[in-house]
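# Tertiary structure, described
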Amino acid sequence: MLQISVCIIARNEEQHIEECLKRIKPYHYEIVLVDTGSTDKTLEIAAKYTDKIYHFDWINDFSAAKNFAVLKASNDWILSLDCDEYLEHLDEKELSGLMAQYPERAGRILLRNRFRQNGLTNFENVRLCRFFNRKYYCFSGKIHEQVTRKLTCTKDCSVEGSSAEADISDASQPIPVYAAPITVLHVGYDGSEEEMQAKSRRNIALLEQELKTAGPDAYLYYQLAQSCMKLKDYEKAYEWFNLGLSMDIEPSQDYVQNMVESYGYCLLDMKRFQEALQLENIYEVFAVRADFVFLMGLIYMNNGLFTEAVEEFIKCTSMEQFSVEGINSYRAYYNIGVIYECTGQKDEARKYYRKCGGFEMARKRLRELT
């Protein structure tokens, strides 16, 4: 058994906590749960799976709470999860080899975000640093916290309930990483529209507070824009995106790729189709995964450039790297079918709708055409 501690912070998570802990139990890892003020059955449920339960006074700072949990762990190797994240796969043999080979690197787990859109269940795959050795790394950021290199420890946070943040981190440089053989399902986006909007408003308040302390920061601008997008406040999202993209940013960083793509969708939502065409100027830099190429297909489509749109969607289907499931297969084929149907080429439309397999939107169009 690997000497790993799974660290989790919780508050009123009775809806998710049991499934989260149940998925961890077969691996026999230490589970450290830090509660920030639950009033439901969260602690009662958690006690069935671990006796490592601690309290932390909530100070509107996710990193402070997570660093406190890390300090309470018995092992140096940490897997950090949220209550609404369910472990789906972990290859212990491969992970053990990576831990030995790269002790000072952080592992990026595969997080599958499940969400509903247009009545359909979708999955977005992202890589996040969640597995690391606490000798070298800690969390930074009040919200949308990130794993960053630890510089030093200045305060004693080992006292239960302490609200001090133990570690000073250096977030100025990208950290060395590897792909950890760990897959986790995130169900936190499955909530009601009201719950999602409340969470977005909370996030905006915390992000704006952090921005006042940290000063101009492209990552904070990106997260603010994303929260505004969830509220459908596209004008404000547009402002935040422009602030983030105007800074000196590194295209190879995952959040920058996401920011550029989300900015493109913001322009489409605002019907700024001509402005969206300007993304052609950065095509060579960001067309490294199917998601950006798919976005360009939509931009061409909305500008009436149907030949160019079809070419982009076809290109998607030959690309292996993607984030949103279906982008490089049935979603691309579906949009090609829509273009052919709208231009009166019904036989071609049927051909591409059939390529979509069981995708319900394509099946519906086939029934209509029949």
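Everything numeric in this text was worked out from a predicted model, so none of it was measured.

## Regarding the overall build of the protein
A count of helices and strands for the protein gives 15 helices and eleven strands. The C-alpha radius of gyration of the protein comes to 22 Å, within 12% of the 21 Å expected for a compact globule of 370 residues. Dimensions along the principal axes, computed over C-alpha positions, put the protein at roughly 70 × 45 × 45 Å. Going through the 370 residues of the protein one by one, you find that 52% of them count as buried. Of the contacts formed within the protein by residues at least 6 apart in sequence, a portion of 63% connects residues at least 24 apart. Counting only carbon and sulfur atoms, one obtains 46% of the accessible surface of the protein, whose full area is about 17,700 Å². One finds the centroid of the 44 positive side-chain charges in the protein at a distance of 4 Å from the centroid of its 56 negative side-chain charges.

## Topic: the state of the cysteines
The term disulfide refers to a covalent linkage connecting the sulfur atoms of a pair of cysteines. By the definition in use, this model includes zero disulfides. Cys129 carries a free sulfur, and the closest cysteine sulfur to it, the one in Cys138, is 13 Å from it. Here Cys266 is not disulfide-linked; the sulfur of Cys228 is the nearest cysteine sulfur, at 9.1 Å. Note on Cys266: relative accessible area 0%, which makes it buried.

## Thoughts on the packing of helix H12 (residues 306-316) against helix H13 (residues 330-342)
Two numbers describe how H12 lies on H13: the axes approach to 9 Å, and their chain directions differ by 160°. Taken together, the axes of H12 and H13 lie roughly antiparallel to each other. For the crossing formed where H12 meets H13, the hand is left-handed. Along its contact with H12, which presents Phe306, Ala309, Val310, Phe313, Ile314 and Cys316, the element H13 presents Ala332, Asn335, Ile336, Ile339 and Tyr340. Its residues placed into classes, the contact of H12 with H13 shows ten nonpolar, one polar and no charged.

## Some thoughts on the nonpolar core
Judged by nonpolar contacts, the single largest core of 89 residues is most densely connected at Phe241, Phe292 and Phe313. Among the elements that make up this core, the one with the highest residue count is helix H11 (residues 290-302) (ten residues). In contact with Phe292, not counting residues within four places along its chain, are Gln257, Val260, Glu261, Leu279, Ile282, Tyr283, Phe286 and Ala287. Counting 36 residues, the second largest nonpolar core, distinct from the first, contains Trp77, Tyr86, Ile109 and Val184.

## So, the pairing of strand S1 (residues 4-10)
Counting buried positions along S1 yields seven of seven residues, so the element is predominantly enclosed. Residues of S1 alternate between two faces, with Ile4, Val6, Ile8 and Ala10 on one and Ser5, Cys7 and Ile9 on the opposite face, all of them buried. Two strands pair when backbone bridges link them, and S1 and strand S4 (residues 77-82) are joined in this way by six bridges, in the parallel orientation. Following the sheet pairing, Cys7 is matched in S4 by Ser80. Pairing analysis gives six bridges linking S1 to strand S2 (residues 30-35), with the strands arranged parallel. Within the sheet, the bridge partner assigned to Ala10 lies in S2 and is Asp35.

## So, the packing of aromatic side chains
All chains considered together, the criterion is met by 20 aromatic pairs. Plain terms: the ring middles of Tyr334 and Tyr353 are 5.8 Å apart, the flat faces sit at 40° to each other, and that makes the pair tilted. A residue pair is termed long-range when its members are at least 10 positions apart, and Tyr334 in helix H13 and Tyr353 in helix H14 (residues 346-354) qualify at 19 residues. Across the pair, exposure class does not vary: Tyr334 and Tyr353 are buried alike. Through pairs of rings, three or more aromatic residues link up here, namely Tyr330, Tyr334, Tyr353 and Phe359. Over the ring of Phe123 we find Arg112; its NZ or CZ atom is 4.4 Å from the centre of that ring.

## Some points on the environment of Val187
Mapping Val187 onto the fold places it in strand S11 (residues 177-189). The buried category is assigned to Val187, whose relative accessible area is 6%. Sequence separation between Val187 and Gln278 is 91 residues; the distance between their C-alpha atoms is 35 Å. Excluding anything up to four places from it in sequence, Val187 contacts His16, Asp84, Tyr86 and Arg114.

## Structural notes on the pattern of salt bridges
Per the stated rule, a full pass over the model turns up 21 salt bridges. Note that Glu19 is salt-bridged to Lys22, the shortest N-O span being 3.9 Å. Of the two residues, Glu19 and Lys22 are both situated in helix H1 (residues 17-24); the distance of three residues between them amounts to about one turn of the helix. For Glu19, a relative accessible area of 26% corresponds to the partly exposed category.

## What to know about the packing of H13 against H14
How two helices sit against one another is set out by the angle between their axes and by the gap between those axes. Contact pair H13 / H14: the axes reach a minimum separation of 8 Å and the direction vectors enclose 165°. In terms of orientation, H13 lies roughly antiparallel with respect to H14. The handedness of the crossing between H13 and H14 is left-handed. Along its contact with H13, which presents Tyr333, Tyr334, Ile336, Gly337, Val338, Tyr340 and Glu341, the element H14 presents Lys346, Glu348, Ala349, Tyr352 and Tyr353. For the contact of H13 with H14, the residue count by class is eight nonpolar, one polar and three charged.

Calculation rules
- Along each chain, residues carry numbers from 1 onward, in the same order as the chain's sequence is written.
- At least 70 in pLDDT is required for a residue's local features to be given in this predicted model, at least 80 for side-chain atom pairs to be given and counted, and no such filter applies to totals for whole chains, interfaces and linings, which use all residues.
- As a convention, hydrogens and water are excluded, and side-chain values are obtained from all of the structure's heavy atoms.
- Helix and strand assignments follow DSSP, with helices taken as H or I runs no shorter than four residues and strands as E runs no shorter than two, numbered in order from the N terminus.
- Between the two quantities, the radius of gyration covers C-alpha atoms and the globule rule is 2.2 Å times the number of residues to the power 0.38.
- With a 1.4 Å probe rolled over the protein chains alone, any residue whose accessible area is under 20% of its type maximum counts as buried; one over 50% counts as exposed, and the rest are partly exposed.
- Contact definition: two residues touch when any of their heavy atoms are within 4.5 Å.
- Each accessible area is a Shrake-Rupley result for a 1.4 Å probe, and residues are judged covered by the shown protein chains and nothing else.
- Neither His nor the chain termini are counted; the positive set is Lys and Arg, and the negative set is Asp and Glu.
- Charged groups are reduced to one reference atom each: NZ for lysine, CZ for arginine, CG for aspartic acid, CD for glutamic acid.
- Two cysteine sulfur atoms make up a disulfide if the distance between them is within 2.5 Å.
- Each axis is a line fitted through C-alpha atoms, and for a helix only the stretch in contact is used; angles between axes span 0 to 180 degrees, taken between their N-to-C directions.
- We call two directions roughly parallel when the angle between them is under 35 degrees, roughly antiparallel when it is over 145, roughly perpendicular when it lies between 65 and 115, and oblique otherwise.
- A clockwise turn of the near helix away from the far one marks a right-handed crossing, whereas an anticlockwise turn of less than a right angle marks a left-handed crossing.
- Residues are grouped as follows: nonpolar covers Ala, Val, Leu, Ile, Met, Phe, Trp, Tyr, Cys and Pro; charged covers Asp, Glu, Lys and Arg; every other residue, Gly included, is treated as polar.
- Here, the term nonpolar core denotes a set of buried Ala, Val, Leu, Ile, Met, Phe, Trp, Tyr and Cys residues that are joined through side-chain atoms within 4.5 Å.
- Pairing between two strands is assigned when DSSP locates at least 2 bridges connecting them.
- Between 30 and 60 degrees the pair is tilted, below 30 it is stacked and above 60 it is edge-to-face, where a pair is any two Phe, Tyr or Trp rings, Trp via its six-membered ring, whose centres lie within 6.5 Å.
- By definition here, charges over rings are those cases where NZ of Lys or CZ of Arg is within 6 Å of the ring centre and within 35 degrees of the ring normal.
- Think of a salt bridge as a Lys or Arg side-chain nitrogen and an Asp or Glu carboxyl oxygen that are within 4 Å of each other.

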